[in-house]
Structure formats: structure tokens, C-alpha cells
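A closer look at the structure
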There are 2 protein chains.
Amino acid sequence: MTTPLRLGIAGLGTVGVGIVRIVQKHGALLATRAGRPVEIVAVSARSKTKDRGVDLSQYAWEDDPVTLAKRDDIDVFIEVMGGHEGPAKHATEAAIAAGKDIVSANKALLAIHGQALAVAAEDAGRVIRFEAAVAGGIPVVKSLTEGLAGNEITRVMGVMNGSCNYILTRMEDAGLSYEAVFDEANQLGFLEADPELDVGGIDAGHKLALLSSIAFGTQVDFDGVELEGIGSVTIEDIHQAADMGYKIKLLGVAQMTGRGLEQRMSPCLVPDTSPLGQLQGGTNMVVLEGDAVSQIVLRGPGAGEGPTASAIMADVMDIARGMRVSTFGQPAKTLRKARPARAAVPAPYYLRMQLLDKPGALAKVAHALGEAGISIDRMRQYGHQDTSAPVLIVTHKTTRTALEEALVDFKDTGVVSGDPVAIRIEAV
Amino acid sequence: MTTPLRLGIAGLGTVGVGIVRIVQKHGALLATRAGRPVEIVAVSARSKTKDRGVDLSQYAWEDDPVTLAKRDDIDVFIEVMGGHEGPAKHATEAAIAAGKDIVSANKALLAIHGQALAVAAEDAGRVIRFEAAVAGGIPVVKSLTEGLAGNEITRVMGVMNGSCNYILTRMEDAGLSYEAVFDEANQLGFLEADPELDVGGIDAGHKLALLSSIAFGTQVDFDGVELEGIGSVTIEDIHQAADMGYKIKLLGVAQMTGRGLEQRMSPCLVPDTSPLGQLQGGTNMVVLEGDAVSQIVLRGPGAGEGPTASAIMADVMDIARGMRVSTFGQPAKTLRKARPARAAVPAPYYLRMQLLDKPGALAKVAHALGEAGISIDRMRQYGHQDTSAPVLIVTHKTTRTALEEALVDFKDTGVVSGDPVAIRIEAV
């Protein structure tokens, strides 16, 4: 097989340019590894005249990604534009209809339309690959789909939004409030144009939904992901959690339970000595658990020109080598519809509240927990500040239903000031 | 493609039994993922009557693995016997000659005969896969060969022998001598029948040589691996290194240098806050560095029934899915002969010596280092014990040639008692 593999790249932002750089720099290496040349034939972006620091003169130019997608002289359509509707969707659909293989970095598009796109591609005998859509340069889609193909997957976890992890670790290191670090990160250009995609957990939720589909053989179900962003995490909680031996992470967790598929993307406490707890700054980490392998942990850059382009090229090289696997690890038509299970898996919780300086206050709180069937693992009361004292409680495993009941009961005790904070502790 | 993929398993030790368990337990899952059934047809081992806790009655039995390898009714020959000569080699060669694909966990066989076997397999249009041979359940061969196929690989590092890492971390945790922990590990069955394979770094060296070949496009060259085991690591060095912020690991490092391919498997100091430094017990970790991705870190179980069988099944599933890649990532005939470069990459070093209680002793040692062109980053002298005092020195980057010169000069100073210890500090 010495026919060149011909690429069309839609989108020439950071990632698109990174792909061009790799193909230009490593032409010989790629050809040796793939057994055939890998060539860029045509590109598409908004501005033809913008200087991107790479020579694009030998490639055909298309203003419209849909036209690019339909070109007779490309084999693979690389979509690195972004956006889950509009041009990205239309161009991807057009490319599938025109019989192209798809390599995409578009987590939003795939998390929302992945099932329909995968069915269309498989009906046409084409593949959709999306290593770059999840955890940047880490080959996590490949590890899960292929590397653990002999396992029943029991849990998938991950810190998959570098900006959020940057914010949380920076808050702790500098002792700054969420608001202060958010502004800082925004000014440094670390956040999406709509920051809620990052700090609201939406971007990471897209990624979790994609991994869940592969892991559990279910149709990708982003709507089934319980989302909670990091906006409510306070520097106090970070400090107190550290005191108890924990770090707070925006952690995605997906598990198949007796009641259905549980997918959560929310702030969680993890032990500070665990690989997840030790993860600093913008780095990503994914933990994959299977019945045979037990646990593997993958760590690496979650974004950036080189890492994301590296992931795109992994998919391109698979296609060049003739290695084809179903989008979600099994034929899309065999994927079951996910039955979302919310709060199915019990866990210990970290509780923080302000207790009023009244006789028997602590007893009342402990009683409310006991009434809800929740037992206490550890408790700390700190000195009074004015009229109230901070109290920390780490519970034993409990359901969230029981916990929410207890939180309501706290109000009735009349000794808790304001709203208590409750954060799940994930066993890692 | 609904024809079953038919497996023949040679070797029914822990790993062989693990494979049987997965195929028996997950038949439906494997078939859905692969798009075809995966079946065991025949097995082979030394004793037919031994109770292995799994039902083998539905499989054909062969006393001789060579006969198994030649059976007309198998597609894939799975070699989990071990040994780099004798039956494992003969059976693998016979399987290739009979047109079978090979899945092997045999690091020694491949590190020594991998090039010849790969050429033979590729001439016959067959693949050899060996995910299970390197770092157990971690999909590191796949990550390197496929996941980073768009990268020029700049460095491969790893802790790839769980027994050695267990010994080193146990020494530190319990404050025990190497000899004491070695005996303990041996009694617990953590070491190979010939423990030198583990503690001498040979087993880990085999794994490093396999990764080097993929990373740098060179013929696997185990003889080019500089080997140094952990037998000379003392509890004093572990304690002193910890004092300076380091851990001692049996670390494999492979790099392409201007002078050729450097492959080392030796005790090294790594920062205690790095992922490698934080690795405890029998877990393995591999660090892959490429020009686009920068760095990814993979962590997981390096041995055991489930993890190793998981890796074997990853290779089997690739073959079942029709995903075929060259043994070492590019056609074996295109691999260049490695030119071994020893001690090519400069590094800082940790030095420990006993300094006699004589005037000007420290100055003489510092002078000897200066004469060799080595500058000192940090130094600590501890209180005198009898007639000598322990001195620790962390040097700036130096070549090993310069360092060895300085170590010789130390003797001439007449102030150093016994042999100084020198351990490389690897930047991770």
C-alpha cells in the first residue's frame, strides 16, 4: 500500500497549524511508519490571508469547509474548527456522505451528535476517530477502546479540563479566592470564549460522555451527565480539605450501576497522596478501571498545539496503516441506549458548616445525621469566630438522598448558620 | 467478518489461565467489540493433569507447543511460556512458518531474537504483538507505536520491574537493608526463579530494549543496554537521597544522541515530587516523550494474572478487528542497526563518601572535582562517626567520563575512606 493518504484540514487555528507542522516536519518518518506517504492536499479556514507562521502555498484552499469535505482528492477529513452546530456539523456530515474517513477534535459535536454521525459513517464503511477530543495528547481513547478491549470496564475517572485544574491548584498555592484566580486565568487566555464551558464542567462533561460510551457500550449521552462546575469551590474548602488529607478536583466519574449509567462531572475530594490528588496545574489525568487490568492511570497535556496535533496524527496514522475500529469500540447500531442513573453509587462526603454558639449545637447536627442513617467518620470543630464556629465532618459512605435529607434537617436544628457545603469524596 | 478468530495458547501458568478466564467470561463482549467471536481452540502446557482452576475440557490438548503452533485450526499463536531459547523460540518460529499471527508476553525472546522473528513474520505477512511483554497491563507498546506515531520520540523512561520497585520502596518504608528486603521478597514469591533477572535489571532491560526499537526505529539491541542492578543500593543512600528531595528508582532511560542510541537500566535519583518519584511498591510507570506531545506518563500494574492477560487480549482483539501494525512500528527491514552510545548524555550526579577527619579534607575533594571540570550544586557534611564523616555532594551536569576521572582522583587525595558512591540524577 504505497498510495498516499490525502488529508483535508478544516480549521487552521492552533491545532490545525500544529498538524501542518507535523506533516511538513516528519514526512519521511510518517511514511516509514505508515508504509505510505501522508500528505495534506487542501485546507480551509475563515481567513485566507492571515499569517499563521506556516507555508500553506502548496495546498488547495477552500473558503467553505463543506466544499473541502466533498473534494474528490482527499481521503480523510480533519475537523478542527469546533462548535457542535453550523459549519463543523454540516462539513462532517458532508464528508461522511462523500465517503471520507473523519478525524475530529470536536468533543461538543461528538458528545451531542456522535451516535447519529457514527451510524452514518459506519453505514458508509467509514471511520470517525476522535483521540484529540478527549484529554489532548493522552492516548486515552485508544487505550480504552483497544488497550483494554479484553476488560469489562468498571469505572472511568478523570481530570479532563486543564483550566479548571489550573484554577483549583492555583487557588491553593496562592491562597486566592475563586474569583481572583478566574480573572487571572481569563486574562492569561486559559479559558474558552464562553468560560462557562470550562468552569461549568461542560467541556469536561462532553469528554466524559464520549469515554462512557466506549467503556459501557452505550450511546453517547451528554444529557445524562450530572454537571456541577467549580464556581462554588471556596478557598476555605480547599484549605480545610487539605487539612483532612484531601485535594479538591473537578472530577469526572462514570460507572455502570444496577440502576443504570451514572455519569458525574463535579468537584470531588480525592486523597492528596493519590495520582489524581497530586495532579498540578493544567495537566490532565484519566483513570481507567477494568475487571482484568484493575487500574491504569494516564497523565499528560490536555491541550495545546503540539499535544492536540499529536493526537490527531495518531488517528491519521491508524487510518494510513489501515487500522480501523468502530467509533465507540463496537458497531454504533449495537450500542444500547443509556439509562441515566443519578446518585446511584454511595460515597463518603465532606461537610462544612458554620455552627452557632449555642448549647448542644454539635449534638443536634450529629443527631440529624444519625436520623438520616449517616454515620460520622471524622469531625473537627474549630474555634468560634464571632458567633459561630466552622465544623468539618467526614461521613462514612452514604447515599446522596440520605445526605440531602440530612442537609434539610440541619436547617430545622436552628444551630447551623447559612448553607452547609457538601462535597463527595471519591475513592481513587 | 464473522468467522471466529481461533486461538492456541502455549503455556498455562498464571497468564495463560488469565487468558482462558477472560475468553470464557467475556465471550459475548469480545464478539460484540471485535465483530466476530474469539475462541480458544487448543492449549499446551507441561502437565495435562494439573488442576488450574479453569475448565479446559473443551479445548484440544497438545503436549508439544510446536505441534500446537502448527495446528491447522488456529489463527493466532499465544506464547506465554517464557524463556528465550528452547520450546518458546522453536514454537514461535514454527507458528510463523505455519502462517499464524503471534501474540507474546516473552520479553527475553523478543529482546534477543525480535529482529529475526519480526522479519520472518513480516515476510510471511503475519504480525507479532507483544503488549504483555512490557509493563504488564499498561498499554505502552500501543501508546508508543500508535498513539505517538506522529511524534519524533525524544526519550523513553520507565520503572518496569515491579519487584525492584517493591524492594526499594520497602527498604525506605521499613528502614531495612537491601539484603533483608531481598530475602523477604524472595520468600513472598515476588522474584523470578533466578532473582538476578529482576534485581540485576535484566528483565527491565529487555523491556527497555523493546521500547527503544519502536521509539527510535532501530533494531532491538539488548546488548546495547548498560545494565546495573539494585544490589549496590544501600539504605544509607535511600535515606540521604530522601534528605536531598530524591527517591532512588531502578530507571530505564533510552535516548537517541548525536553519538548513537543510549540505553541505560540503572539506579537513578528522581525528584520525590515527580510521578516517578511518587511511585510506590510493585506498580510500573512509563514516561514517553515526543517532540509534539511533550510528555505522557502511564502507570499501572506491571505483572499478575489479570493485567498481563488484559494486555494479551488487547493484542488478540486488534488481530480480531483486523488491525495490523508492524512489530516495531515500521517494517522490520527498515529498522536501522542501533549504534550504542554509552554515557553520552550528561547529568547531575549524587555522590556519597566517607571523609577522613583530616585538615583540608573537604577542600581536597572539592579540588579533585574542580580539576575534572565538575561544579558542585549542593554539599552536606554530617557529623563525624569515629574517624570519618559522611559527605553528600550533588553536582551540576557532567559527563560520566569526567565523573569517573574525579572518582579516581579522590583515591589520590588520601582523605576518602572506601569507595565513593555515585548515582545519576535523571531529569524527569
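Remember, predicted model here, so these are calculated numbers, not experimental data. (Residues numbered from 1 in each chain as written. Chains lettered and ligands numbered in written order. Predicted model: local features only at pLDDT ≥ 70, side-chain atom pairs only at ≥ 80, totals over all residues. Heavy atoms only, no water.)

Let us now look at the overall build of chain A. Helix and strand content of chain A: 14 helices and 16 strands. Against the globule reference of 22 Å for 428 residues, chain A gives a C-alpha radius of gyration of 24 Å, in line with a compact fold. Within the span of chain A, comprising 428 residues, buried residues form 60% of the whole. Considering only contacts in chain A between residues 6 or more positions apart, those separated by 24 or more positions represent 74%. Working note: accessible area of chain A is about 15,500 Å², and carbon and sulfur atoms make up 50% of it. Positive and negative side-chain charges in chain A, numbering 41 and 52 respectively, have mean positions lying 5 Å apart. (Helix = DSSP H or I, 4+ residues; strand = E, 2+ residues; numbered from the N terminus. Rg over C-alpha atoms; globule rule 2.2 N^0.38 Å. Buried < 20%, exposed > 50% of the residue type's maximum accessible area, 1.4 Å probe, protein only. Contact = heavy atoms within 4.5 Å. Areas by Shrake-Rupley, 256 points an atom, 1.4 Å probe, with all protein chains shown as cover. Lys, Arg positive; Asp, Glu negative; His and termini not counted. Charge placed at Lys NZ, Arg CZ, Asp CG, Glu CD.)

Before going further, it helps to examine the domain arrangement of chain A. Residue and element names in this part refer to chain A. Looking at the assigned domains, one finds that chain A contains domain 1 (5-133), domain 2 (140-300) and domain 3 (349-425). The centre of domain 2, based on its C-alpha atoms, is set 26 Å off from the matching centre of domain 3. Contacts between domain 2 and domain 3 engage 14 residues on the former and 12 residues on the latter. Buried surface at the junction of domain 2 and domain 3, summed over both partners, amounts to about 1,300 Å²; 54% is from carbon and sulfur atoms. For the interface between domain 2 and domain 3, the tally reads 3 salt bridges. A salt bridge links Asp-237 to Arg-352; its shortest N-O distance comes to 2.4 Å. (Domains from an automatic or database assignment. Buried area = accessible area lost by both parts, 1.4 Å probe. Salt bridge = Lys/Arg side-chain N within 4 Å of Asp/Glu carboxyl O.)

What follows covers helix H13 (residues 361-371) of chain B. Residue and element names in this part refer to chain B. Listed in full, the buried residues belonging to H13 are Ala-361, Val-365, Ala-368 and Leu-369. Along H13, the residues classed as buried sweep out an arc of 100° about the axis, all on the same side. Exposed residues lying more than 90 degrees from the buried face of H13 are Ala-363, His-367 and Glu-371. Those residues of H13 that are buried are in contact with strand E13 (349-356), strand E14 (376-381), strand E15 (388-395), helix H14 (400-413) and strand E16 (416-425). Taken from the residues just after H13, Gly-373 is the one with a positive phi, measuring 80°. (Arc of directions from axis to C-beta.)

With that out of the way, let us pick up the sheet that holds strand E3 (residues 60-62) of chain B. All names here are of chain B. Taken in spatial order, the 6 strands line up as E3-E2-E1-E4-E5-E6 in an open sheet, and their pairing is parallel. Strands with a single pairing partner mark the edges of an open sheet, and in this sheet they are E3 and strand E6 (128-129). Two strands pair when backbone bridges link them, and strand E2 (residues 38-44) and E3 are joined in this way by 3 bridges, in the parallel orientation. Within E3, the position partnered with Ser-44 by the bridge is Glu-62. (Pairing = 2+ DSSP bridges.)

All names here are of chain B. With respect to the helices, strands and loops of the structure, Thr-308 is situated in helix H12 (residues 305-320). On the accessibility criterion, Thr-308 (9% relative accessible area) is buried. For Thr-308 and Arg-129, which are 179 residues apart along the polypeptide, the C-alpha to C-alpha distance reads 13 Å. Aside from chain neighbours lying at most four places away, what touches Thr-308 is Val-15, Ala-132 and Ala-303.

Before going further, it helps to spend a moment on the packing of aromatic side chains. Residue and element names in this part refer to chain A. For the structure shown, the criterion picks out 6 aromatic pairs over all chains. Centre to centre, the rings of Tyr-178 and Phe-182 are 5.9 Å apart; their planes meet at 40°, and the pair counts as tilted. Of this pair, Tyr-178 and Phe-182 both sit in helix H8 (residues 178-187), 4 residues apart, which is roughly one turn of that helix. On the accessibility criterion, Tyr-178 (10% relative accessible area) is buried. For Phe-182, a relative accessible area of 17% gives the class buried. (Phe/Tyr/Trp six-rings, centres within 6.5 Å; stacked < 30°, edge-to-face > 60°.)

Take the relation of the copies chain A and chain B next. Mapping chain A onto chain B calls for a rotation angle of 180° and an axial translation of 0.0 Å; the resulting RMSD is 0.0 Å. Between the two chains, the operation in question is that of a two-fold axis. The residues that chain A uses at the interface reappear at the interface of chain B in 100% of cases, marking a shared surface. (Least-squares fit on C-alpha atoms with pLDDT ≥ 70 in both.)

Residues and elements named next belong to chain B. Running from amino to carboxyl end, helix H6 (residues 140-147) crosses helix H10 (residues 202-216) at an angle of 10°, the nearest separation of the two axes being 9 Å. By the angle class used here, H6 and H10 are roughly parallel. Pair H6 / H10 crosses with left-handed handedness. Where H6 approaches H10, its residues Val-140, Val-141, Leu-144 and Thr-145 are matched on the opposing element by Leu-211, Ile-214 and Ala-215. Of the residues in the contact of H6 with H10, the class split is 6 nonpolar, 1 polar and no charged. (Axes fitted to C-alpha atoms, helices over the stretch in contact; angles between N-to-C directions. Parallel < 35°, antiparallel > 145°, perpendicular 65-115°, else oblique. Left-handed = near helix turned anticlockwise from the far one by under 90°. Nonpolar A, V, L, I, M, F, W, Y, C, P; charged D, E, K, R; others polar.)

Let's shift gears to the environment of Glu-226 of chain A. Residues and elements named next belong to chain A. Note on placement: Glu-226 falls in strand E8 (residues 225-227). For Glu-226 and Val-66, which are 160 residues apart along the polypeptide, the C-alpha to C-alpha distance reads 34 Å. Among the polar contacts made by the side chain of Glu-226, one reaches the side chain of Arg-400 at a distance of 2.6 Å. (Polar contact = N/O pair within 3.5 Å; in protein donor to acceptor, adjacent residues only side chain to side chain.)

Residue and element names in this part refer to chain B. With respect to the secondary-structure elements, Ile-423 resides in strand E16. It is 23 Å that separates the C-alpha atoms of Ile-423 and Pro-195, two residues lying 228 residues apart in sequence. With sequence-adjacent residues up to four places away left out, Ile-423 is seen in contact with Asp-237, Ile-248, Pro-267, Cys-268, Leu-269, Tyr-349 and Tyr-350.

Another aspect to go through is the nonpolar core. Membership of the largest hydrophobic core comes to 162 residues, with the highest contact counts inside it found for Val-134 and Ile-167 of chain A together with Val-134 and Ile-167 of chain B. Discounting chain neighbours no more than four positions away, the residues touching Val-134 of chain A are Val-140, Val-141, Met-160, Lys-207, Leu-210 and Leu-211 of chain A. (Core = buried A, V, L, I, M, F, W, Y, C linked by side-chain atoms within 4.5 Å.)

What follows deals with the interface of chain A and chain B. Opposite the 51 residues of chain A that make contact, chain B presents 51 residues. Together, the buried faces of chain A and chain B total about 3,900 Å²; carbon and sulfur atoms form 54% of this surface. For the chain A face of the interface with chain B, the top three residues by lost area are Arg-33, Arg-299 and Met-323 of chain A, together amounting to 16%. For the pair chain A and chain B, the number of links is 4 salt bridges. One salt bridge connects Glu-146 of chain A with Lys-142 of chain B, and the closest N-O pair in it is separated by 2.7 Å. In this assembly, chain A and chain B are joined by 18 residue pairs in polar contact (both at pLDDT 80 or more). Of all the secondary structure elements, the ones that give two or more residues to the side of chain A that touches chain B are helix H1 (14-25), helix H2 (27-34), helix H6 (140-147), strand E12 (294-301) and helix H12 (305-320) of chain A. Per-element tally for the side of chain A that touches chain B: the top contributor is E12 of chain A, with 8 residues. Grouping the amino acids of the side of chain A that touches chain B by side-chain chemistry returns 23 nonpolar, 18 polar and 10 charged. The pairing of E12 of chain A with strand E12 (residues 294-301) of chain B spans 3 bridges and is antiparallel.

Our focus in this paragraph is the pairing of E2 of chain B. Each regular strand displays side chains that alternate between the two surfaces of the sheet. Residues and elements named next belong to chain B. Among the 7 residues that make up E2, 6 are buried, leaving the element largely enclosed by the rest of the structure. Where strand E1 (residues 5-10) meets E2, 6 bridges bridge the pair, whose relative direction is parallel. Counterpart to Ile-9 in the pairing with E2 is Val-43.

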